[in-house]
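# Inside the fold
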Amino acid sequence: MLAELFAVMAPVLIAAGLGYGWARSGQPYPTEFIARLVLNIGTPSLVLSTLSRTEIDRHAFGQLAIACLLVMLAMGLVGILFSRVFRQDWRVLVPAYLFPNSGNMGLPIALYAFGEKGLALAVAFFLVLSVGHFSLGLLLSGTERSPKKLLANPIIISLALALPLVIWDLHLPLWLANTISLLGGMTIPLMLLTLGVSLASIRVHHLGNGMLLGALRILCGAAVGWLVGRALGLPPLAQGVLVMQSSMPVAVFNYLFAVRAGRSPEAVASLVMCSTLLSFALIPLLLAWWLPALR
């Protein structure tokens, strides 16, 4: 079991560590360019490639999308509750609890832990969360975005293109499938490298609150994911993916939005850094609990 867990987490740790070491060494890293490349080309290609080449239980795919909405709703309520209990600004804590790092960390872990079918289900969660993050998340952070820009988001477009493939079991032409597979292949490595670079640039000030609230974000996310999965009667693979995606640490984009809006970026930075560090210890424990159930 330890070897299996190490095989899942090692690529994530090593790739993020390389990004962290690269940034700390003073080497230039065009974060904004890479982020745009991943969001505008890499991720849409990964979505189309994964959903077109993997046999997916369409019912489970739809259930996971619904489950993501329910998890977001529940975690938003948890964020409101904790903001009152710990006397935190709800505009800081609610987005952090609503939007976990289901892309940079969630997709790689789903791939290495659950395989291609698990990755396809994780993409369903990621797509729904991304729609919320780049609409409601921008609104909560104080960053404006017009509906036209939202609809023009390449991730939304890729979802619109991918849904017919899933619903009617269609297949892309071989030349197109090979092209988007090649482009999508760059996404996960660049996501992890950028995660490491982003962590290297964050300065933590509220360490105590960050560790406590970061741990609660991971543990509550896992509990909510498990409860929602049980309530919907998800099969073991889909429920495992849901629990993992729901328990991811706070997304780095929350910090970027807070910086852009000038809304308590130090507190958000603490939540991102502490929850990410804690996830390297807590996620393997969740995997150790869940992976045997899939055998």
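Residues numbered from 1 in each chain as written. Predicted model: local features only at pLDDT ≥ 70, side-chain atom pairs only at ≥ 80, totals over all residues. Heavy atoms only, no water.

### Some thoughts on the overall build of the protein chain
- A count of helical and extended segments in the protein chain gives 13 helices and zero strands.
- Moving toward the C terminus, one meets the helices and strands of the protein chain in the order α-α-α-α-α-α-α-α-α-α-α-α-α.
- Here the protein chain, with 295 residues, has 52% of them falling under the buried criterion.
- Pairs at least 24 residues apart make up 85% of the contacts formed inside the protein chain by residues separated by at least 6 positions.
- For the protein chain, the exposed area adds up to about 13,500 Å²; of that, 68% sits on carbon and sulfur atoms. (Helix = DSSP H or I, 4+ residues; strand = E, 2+ residues; numbered from the N terminus. Buried < 20%, exposed > 50% of the residue type's maximum accessible area, 1.4 Å probe, protein only. Contact = heavy atoms within 4.5 Å. Areas by Shrake-Rupley, 256 points an atom, 1.4 Å probe, with all protein chains shown as cover.)

### Focus: unusual backbone geometry
- Although it is not a glycine, Arg87 sits at a positive phi angle of roughly 55 degrees.
- With respect to the secondary-structure elements, Arg87 resides in the loop between helix H3 (58-85) and helix H4 (90-98).

### What to know about the packing of helix H11 (residues 236-246) against helix H13 (residues 265-290)
- Orientation of H11 relative to H13, taken along the N-to-C sense of each, is 165 degrees, at an axis distance of 11 Å. On the basis of their axis angle, the class for H11 and H13 is roughly antiparallel. With respect to the hand of their crossing, H11 and H13 are arranged in right-handed fashion. Residues Pro236, Gln239, Gly240 and Met244 of H11 pack against Ile283, Leu286, Leu287 and Trp290 of H13.
- Considered class by class, the residues forming the contact of H11 with H13 number six nonpolar, two polar and no charged. (Axes fitted to C-alpha atoms, helices over the stretch in contact; angles between N-to-C directions. Parallel < 35°, antiparallel > 145°, perpendicular 65-115°, else oblique. Left-handed = near helix turned anticlockwise from the far one by under 90°. Nonpolar A, V, L, I, M, F, W, Y, C, P; charged D, E, K, R; others polar.)

### Some thoughts on the packing of helix H10 (residues 207-232) against H13
- Where H10 meets H13, the axes come as close as 8 Å, and the angle between the chain directions of the two elements is 40 degrees. Seen along the crossing, H10 lies across H13 with a hand that is right-handed. From H10, Leu207, Gly210, Met211, Leu213, Gly214, Ala215, Ile218, Leu219, Ala222 and Trp226 reach across to H13, where they touch Ser270, Leu271, Cys274, Ser275, Leu278, Ser279, Leu282, Leu286, Trp289 and Trp290.
- Classifying every residue of the contact of H10 with H13 gives 15 nonpolar, five polar and no charged.

### Some thoughts on the side chain of Ser275
- Within the secondary structure layout, Ser275 lies in helix H13.
- The exposure class assigned to Ser275 is buried, which follows from its relative accessible area of 0%.
- Looking at Ser275, its side chain comes within polar contact range of the main-chain nitrogen of Val250, at 3.1 Å.
- Those residues in contact with Ser275 that sit more than four places away from it in its chain are Gly214, Ile218, Pro249, Val250 and Ser270. (Polar contact = N/O pair within 3.5 Å; in protein donor to acceptor, adjacent residues only side chain to side chain.)

### Remarks on the packing of aromatic side chains
- Per the stated rule, a full pass over the model turns up two aromatic pairs.
- Judged by centre distance (5.7 Å) and plane angle (75 degrees), the rings of Phe82 and Phe86 are edge-to-face.
- In textbook terms, an aromatic cluster arises when at least three aromatic residues are bridged by ring pairs, as seen for Phe82, Phe86 and Tyr97. (Phe/Tyr/Trp six-rings, centres within 6.5 Å; stacked < 30°, edge-to-face > 60°.)

### Quick look at the UniProt feature "transmembrane region" (unreviewed entry) in the protein chain
- UniProt records the feature "transmembrane region" (unreviewed entry) for residues 64-86, 118-138, 150-168, 174-200, 212-232, 238-257 and 269-291 in the present numbering.
- Spanning residues 212-232, this segment combines 100% helix with 0% strand, and its end C-alpha atoms are found 30 Å apart. (UniProt positions renumbered as here; feature names shortened; annotations may be inferred.)

### Thoughts on the confidence of the model for the protein chain
- Within the protein chain, residue pLDDT values average 84, and 88% of them lie at 70 or more.
- Confidence, expressed as mean pLDDT per element, reaches its minimum in the protein chain at helix H6 (residues 147-151) with 61 and its maximum at H11 with 94. (pLDDT = per-residue confidence, 0-100.)

### Describing the side chain of Ser49
- Along the chain, Ser49 turns up in helix H2 (residues 31-53).
- Excluding its chain neighbours within four sequence positions, the residues that come into contact with Ser49 are Ile180 and Ser181.

### Looking at the environment of Ala67
- Relative to the helices and strands, Ala67 resides in helix H3.
- The sequence separation of Ala67 and Leu242 amounts to 175 residues, and the corresponding C-alpha distance is 7.7 Å.
- Every residue in contact with Ala67, bar those within four places of it in the chain, is listed here: Val228, Leu232 and Leu242.

### Things to note about H4
- Most of H4 sits inside the fold, with seven of its nine residues counted as buried.
- Listing the buried residues of H4 in full gives Val92, Leu93, Val94, Pro95, Ala96, Tyr97 and Leu98.
- The backbone nitrogen of Arg91 lies 3.0 Å from a side-chain oxygen of the residue at the head of H4, namely Asp89.

### Things to note about the environment of Trp90
- Looking at the element boundaries, Trp90 is found in helix H4.
- Note on Trp90: relative accessible area 43%, which makes it partly exposed.
- Remark: the alpha-carbon pair of Trp90 and Leu140, spanning 50 residues in sequence, is separated by 9.6 Å.
- Once residues lying within four places of it in the same chain are set aside, the contact partners of Trp90 are Ser83, Pro95 and Leu140.

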